[in-house]
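Here is what each chain is made of, one letter per residue.
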Amino acid sequence: ELLSVKPCDRCKVTTIDAESLVSGREPLAMLGTFRSGRALGWAAKERSWTHAVFFGWNMVAQPPPGAVLAVGDAVEVTARR
């Protein structure tokens, strides 16, 4: 079983040019127009999420004793938030 802990926001590393090391606004500025906490309607719940740009969810495995989850294993969604 996997528990969704919290939404996962994207860090600023994607805005840094690898050659010049200059930081810019893209791609987070564009993505923020439809993936920010404000755009997703989450800002009312957590003010710190207003300008964060979200890409997925942080998950925590809750396996039964002795179980192993490995790369390539099938995962089934049994409930949605």
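Provided above is the structure to which this section pertains.
This section reports on the structure supplied with the text.

Moving on to unusual backbone geometry. Note that the residue after E26, namely P27, is joined by a cis bond; omega there is 10°. Mapped onto the secondary structure, P27 falls in the loop between β1 (2–9) and α1 (28–35).

On to the side chain of T50. With respect to the element layout, T50 can be found in the loop between α2 (37–40) and β2 (54–61). What makes T50 buried here is its relative accessible area of 14%. For T50, the side chain forms a polar contact with the main-chain oxygen of R47, separated by 2.8 Å. In contact with T50, not counting residues within four places along its chain, are S36, G37, R38 and A43.

Here we take up α1. All buried positions along α1 are accounted for by L28, L31 and G32. Mapping the buried residues of α1 onto a view down its axis gives an arc of 110°, with all of them on the same face. Tucked inside the fold, the buried residues of α1 contact α2 and β2.

This paragraph deals with the packing of aromatic side chains. Scanning the entire structure with this criterion turns up 4 aromatic pairs. When the ring of W42 is compared with that of W49, the centres are 6.0 Å apart and the planes differ by 65°; the resulting orientation is edge-to-face. A relative accessible area of 24% places W42 in the partly exposed class. W49 gets classed as buried once you look at its relative accessible area, which sits at 18%. Taking NZ or CZ as reference, R10 lies 5.6 Å from the ring centre of F55, over its face.

How each quantity is defined
- Residues numbered from 1 in each chain as written.
- Predicted model: local features only at pLDDT ≥ 70, side-chain atom pairs only at ≥ 80, totals over all residues.
- Heavy atoms only, no water.
- Helix = DSSP H or I, 4+ residues; strand = E, 2+ residues; numbered from the N terminus.
- Buried < 20%, exposed > 50% of the residue type's maximum accessible area, 1.4 Å probe, protein only.
- Polar contact = N/O pair within 3.5 Å; in protein donor to acceptor, adjacent residues only side chain to side chain.
- Contact = heavy atoms within 4.5 Å.
- Arc of directions from axis to C-beta.
- Phe/Tyr/Trp six-rings, centres within 6.5 Å; stacked < 30°, edge-to-face > 60°.
- Lys NZ or Arg CZ within 6 Å of the ring centre and 35° of its normal.

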